[in-house]
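# Chains, contacts and geometry: an overview
Here is what each chain is made of, one letter per residue.
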Amino acid sequence: MRIEAESGATARSARWEFAGAPSHAVQFYRDESFLLERLGQFIGSAVLAGNSAIIIATQPQRDGLHTHLMSRGRYLTVAEKEGRYVALDAAETLAKFVV
């Protein structure tokens, strides 16, 4: 997997669109707004294209992402109903497989 980066105002922004399938990407960030904007672009594009997304995050991050995505259209509601958008609690999810 090759990830290119571009300079951002508050942090370096991973170019997630260059990540091939299957893959994963890591994004370091200084504030939640930066994370929500980048994640919203990535997840929003995937869900809008009919793909699936699983989010594992804290409650405030899940709420912020949900609000961010809903502000861009009602497609998230459809994706949730179809099971293509799943948001899980980070602590609960990690506790299930971390020994």
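These notes cover the structure that comes with them. (Residues numbered from 1 in each chain as written. Predicted model: local features only at pLDDT ≥ 70, side-chain atom pairs only at ≥ 80, totals over all residues. Heavy atoms only, no water.)

## Focus: the side chain of His 68
As a reminder of what qualifies: For helices the rule is a DSSP run of H or I covering at least 4 residues; for strands it is a run of E covering at least 2, with both sets numbered from the N terminus onward. Buried residues are those whose accessible area, probed at 1.4 Å on protein chains only, stays under 20% of the maximum for their type, while exposed residues exceed 50% and partly exposed ones sit between those limits. Note on contacts: a residue pair is in contact if any heavy atoms of the two residues lie within 4.5 Å.
Residue position: His 68 is located in helix α2 (residues 59-70). Judged by relative accessible area, His 68 falls into the buried class, the value being 12%. Sequence-distant contacts of His 68, that is, excluding residues within four places in its chain, are made with Leu 36, Glu 37 and Gly 40.

## Remarks on the nonpolar core
The line we're drawing: To define a nonpolar core, start from buried Ala, Val, Leu, Ile, Met, Phe, Trp, Tyr and Cys residues and group those joined through side-chain atoms within 4.5 Å.
Judged by nonpolar contacts, the single largest core of 13 residues is most densely connected at Ile 43, Val 47, Ala 53, Ile 55, Leu 65, Leu 69 and Tyr 85. Of all elements in the fold, only α1 (32-48), β3 (53-57), α2 and α3 (75-81) reach the threshold of two or more residues within this core. Per element, the largest residue contribution to this core is four residues, and it comes from α1. For Ile 55, the contacting residues outside a window of four places in its chain are Ile 43, Leu 65, Tyr 85, Val 86, Ala 87 and Leu 88.

## Regarding the packing of α1 against α2
Applied cut-off: Every angle, taken between N-to-C directions, lies between 0 and 180 degrees, and every axis is a line fitted to C-alpha atoms, over only the stretch in contact when it is a helix. These descriptions rest on fixed angle ranges, namely under 35 degrees for roughly parallel, over 145 for roughly antiparallel, 65 to 115 for roughly perpendicular, and the rest for oblique. When the near helix sits turned anticlockwise from the far one by under a right angle, the crossing is termed left-handed; a clockwise turn instead gives a right-handed crossing. Each residue gets one label: Ala, Val, Leu, Ile, Met, Phe, Trp, Tyr, Cys and Pro are nonpolar, Asp, Glu, Lys and Arg are charged, and the others, such as Gly, are polar.
Relative to each other, α1 and α2 sit at 55°, their axes nearing to 9 Å. Overall, the two elements α1 and α2 adopt an arrangement that is oblique. Considering the relative orientation of α1 and α2, their crossing is right-handed. Within the contact between the two elements, α1 uses Glu 32, Leu 35, Leu 36, Glu 37, Leu 39, Gly 40, Ile 43 and Gly 44 and α2 uses Gln 61, Gly 64, Leu 65, His 68 and Leu 69. Of the residues that constitute the contact of α1 with α2, the class distribution is six nonpolar, five polar and two charged.

## What to know about the pattern of salt bridges
Where charged atoms from two side chains of opposite charge come close, those side chains can pair. What counts is decided by this rule: In what follows, salt bridge is the name for a side-chain nitrogen of Lys or Arg lying within 4 Å of a carboxyl oxygen of Asp or Glu.
Applying the stated criterion across every chain yields a total of three salt bridges. Residue Arg 72 is joined to Glu 37 by a salt bridge in which the shortest nitrogen-to-oxygen separation is 3.8 Å. Residue Arg 72 is found in the loop between α2 and α3, and its partner Glu 37 is found in helix α1; the two are separated by 35 residues along the sequence. In this structure Glu 37 comes out as partly exposed when scored by relative accessible area, which is 32%. For the salt bridge of Asp 89 with Arg 62, the shortest nitrogen-to-oxygen distance reads 3.2 Å. Residue Asp 89 is located in strand β4 (residues 85-89), and its partner Arg 62 is located in helix α2; the two are separated by 27 residues in the primary sequence.

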